[in-house]
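Structure at a glance
Take a look at the letters that make up each chain.
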Amino acid sequence: MEKKNQLYEGKAKKVFETDDPEVLIVSYKDDATAFNGQKKGSITGKGVINNQMSNLLMRVLETKGVPTHYVEELNERETAVKRVTILPLEVIIRNISAGSFSKRYGVEEGIVFDAPTIEFSYKNDDLGDPLINDDHIYALKLCTREELETVKKYAFLVNDLLKEVWGRCGITLVDFKIEFGRVKDGSIVLADEISPDTCRLWDSETGKKLDKDRFRRDLGGVEEAYQEVMGRLKQAL
Ligand code: TMP
C-alpha cells in the first residue's frame, strides 16, 4: 500500500491518501493534548500503543458484529482504514461517573450506574465540542434518524464487548468516546480509535487510573500506564 499525500493532521494522528481511493492510512503520533488543545505534551510510545491496541480491539469488535473502518495494520504506527465521512459526533458511553459527568452534575467520581448512559458531543473544536441531543442532531442535519439509531445500537454493543475484554484484563471500563463514519455504500462503521486516550480504564482491584487522565491531571506514570494496559490486553486476547 503506497502512502500518498497527507489529507489531514489532527491532534494525535495524521491521515494520508493511498493509491486506492477508498483506503486511507492513519499514522499515530505521540503528541497528547487535553482540554481542547490547551494542554500540550507528548507521551513516549503512545502512538505505537494506541495503533496496536485500537487494531486489536477493532478486530475483536468486527468478529462480534460491529463493522469498523479497520483494514490492515501496516507497521507499528500506521494502519490502513476504509475512507469514511466522519459523523461530526463524539459518542460517549458511561458506566461509572467520572470526568465531565461528575463536574456537570456535581457528583463524585466512581458512582456505578444501574445501566450505561449515552451522550453526544458535536465535534467542533471552535465551539469546544458542546453536548448535543438527538433533536439538535436532526435539526443540524448531522445524520439521519436511522443512522443515529444504528450508532446507538453499535455504541451499546461496543460497551458490552469492551467491558468483557477489559474485565478479563482486570480493568474496569468507566467510560469511553467513539466515533462513526459513513463508508462509500452509505453504511455506518466504527472509526477513529479505541485506546487509553479515549477510554477511562481503572484497575479493578486498586482503582488506579490507567488512561489519559494521568496526563490530563498530571498524575505521573503516564507511559507506564499505557504500557501496563497494552501488556494486559495482549495477555488476555
Ligand atoms: P469526559 O468525562 O471528559 O466527557 O470524557 C468522557 C470520555 O471520553 C473519557 O473516556 C475520555 C473521552 N474523551 C475523548 O476521547 N476525547 C475528548 O476530547 C474528551 C473530552 C473525552
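Residues numbered from 1 in each chain as written. Predicted model: local features only at pLDDT ≥ 70, side-chain atom pairs only at ≥ 80, totals over all residues. Heavy atoms only, no water.

**Looking at the overall build of the protein chain**
Condition: Secondary structure elements are defined from DSSP: runs of H or I of at least 4 residues count as helices, runs of E of at least 2 residues count as strands, and each element is numbered from the N terminus. Atoms counted for the radius of gyration: C-alpha only. Globule rule: 2.2 Å times residue count to the power 0.38. When a residue's accessible area, from a 1.4 Å probe over protein chains only, is under 20% of the maximum for its type it is buried; when over 50% it is exposed; and in between it is partly exposed. Pairs of residues are marked as contacts when any of their non-hydrogen atoms sit within 4.5 Å.
The number of helices and strands found in the protein chain is six helices and 14 strands. For 237 residues, the compact-globule estimate of 2.2 N^0.38 gives 18 Å, and the protein chain sits close to it at 17 Å. On the principal axes, the C-alpha backbone points of the protein chain span a range of 50 × 40 × 35 Å. Counting over 237 residues, the protein chain shows a buried share of 51%. When contacts within the protein chain are restricted to residue pairs at least 6 apart in sequence, those whose partners lie at least 24 apart make up 57%.

**Thoughts on the site of the ligand**
Let me state the cut-off plainly: By convention in these notes, a residue is near a molecule or strand provided one of its non-hydrogen atoms lies within 4 Å of it. Counted as a polar contact is a pair of N or O atoms within 3.5 Å, where, for protein atoms, one must be capable of donating a hydrogen and the other of accepting one, and residues adjacent in sequence contribute only when both atoms are in side chains. Areas reported as accessible are Shrake-Rupley estimates using a 1.4 Å probe. Residue values count occlusion only from the protein chains shown. Polarity classes work like this: nonpolar for Ala, Val, Leu, Ile, Met, Phe, Trp, Tyr, Cys and Pro, charged for Asp, Glu, Lys and Arg, and polar for all others, with Gly in that last group.
Taken together, 14 residues lie near the ligand, and Arg94, Ser100, Asp175, Lys177 and Arg200 sit nearest. Residue arginine 94 places a side-chain N or O atom 2.9 Å away from an oxygen atom belonging to the ligand. Coverage of the ligand by the protein amounts to 76% of the 450 Å² it exposes when considered alone. Secondary structure elements with two or more residues in the shell around the ligand: strand S9 (89–96), helix H2 (99–105), strand S12 (171–182) and strand S14 (199–203). Its residues assigned to classes, the shell around the ligand comprises four nonpolar, three polar and seven charged.

**Considerations on a nonpolar patch on the surface**
Going by this rule: The patch calculation keeps residues exceeding 30% relative accessible area without a salt bridge and links them within 9 Å when they carry like charges or within 5 Å when they are nonpolar (Val, Leu, Ile, Met, Phe, Trp, Tyr). Salt bridges are defined by distance alone: a side-chain nitrogen of Lys or Arg within 4 Å of a carboxyl oxygen of Asp or Glu.
On the surface, a cluster of nonpolar side chains totalling about 330 Å² of accessible area is made up of Tyr105, Val107, Ile111 and Leu131. Relative to the elements of secondary structure, isoleucine 111 occurs in the loop between H2 and strand S10 (112–122). We classify isoleucine 111 as partly exposed; its relative accessible area is 33%.

**What to know about helix H1 (residues 46–63)**
Note the cut-off: For a helix, the expected span equals 1.5 Å multiplied by the residue count minus one.
Under the 1.5 Å per step criterion, the end-to-end length of H1 is 26 Å for 18 residues, consistent within 8% with the ideal 26 Å. Following H1 by one or two positions, glycine 65 adopts a phi angle in the positive range, close to 100 degrees.

**Points about the sheet that holds strand S3 (residues 23–28)**
Put simply, the rule reads: We call two strands paired when DSSP finds no fewer than two bridges between them. Helix axes use the C-alpha atoms of the stretch in contact, all axes being lines fitted to C-alpha atoms, and the angles between their N-to-C directions lie in the range 0 to 180 degrees.
In space, the five strands of this open sheet follow the order S1-S2-S3-S7-S6, with antiparallel pairing throughout. Looking along the sheet, the strands with just one partner apiece sit at the ends: strand S1 (3–9) and strand S6 (70–73). Looking at each pair of strands side by side, their axes are set apart by 30 degrees on average, direction ignored. Examined bridge by bridge, S6 and strand S7 (residues 78–82) share three bridges and lie antiparallel to one another. Note that in S7 the partner of tyrosine 70 across the bridge is valine 81. Contacts from H1 reach S3, S6 and S7, with the element oriented near 130 degrees to S6.

**Quick word on the nonpolar core**
Among soluble globular proteins, nonpolar side chains are generally buried collectively. So the rule is basically this: In these notes, a set of buried Ala, Val, Leu, Ile, Met, Phe, Trp, Tyr and Cys residues joined through side-chain atoms within 4.5 Å is what counts as a nonpolar core.
Ranked by size, the top nonpolar core spans 50 residues in total, and within it Ile137, Trp166, Ile178, Phe180, Leu190 and Ile194 carry the most contacts. Counting residues per element, this core draws most heavily on helix H4 (residues 145–168), at nine residues. Residues in contact with isoleucine 137, not counting those within four places in the same chain, are Leu89, Phe120, Ile132, Leu142, Cys143 and Leu148. With five residues, the next largest nonpolar core counts Val15, Leu24, Val26 and Tyr28 among its residues.

**Side note on the pairing of S1**
The pairing of S1 with strand S2 (residues 13–18) spans four bridges and is antiparallel. By the bridge assignment, tyrosine 8 is partnered in S2 with valine 15. Between S1 and S2, which follow one another and run antiparallel, lie three residues.

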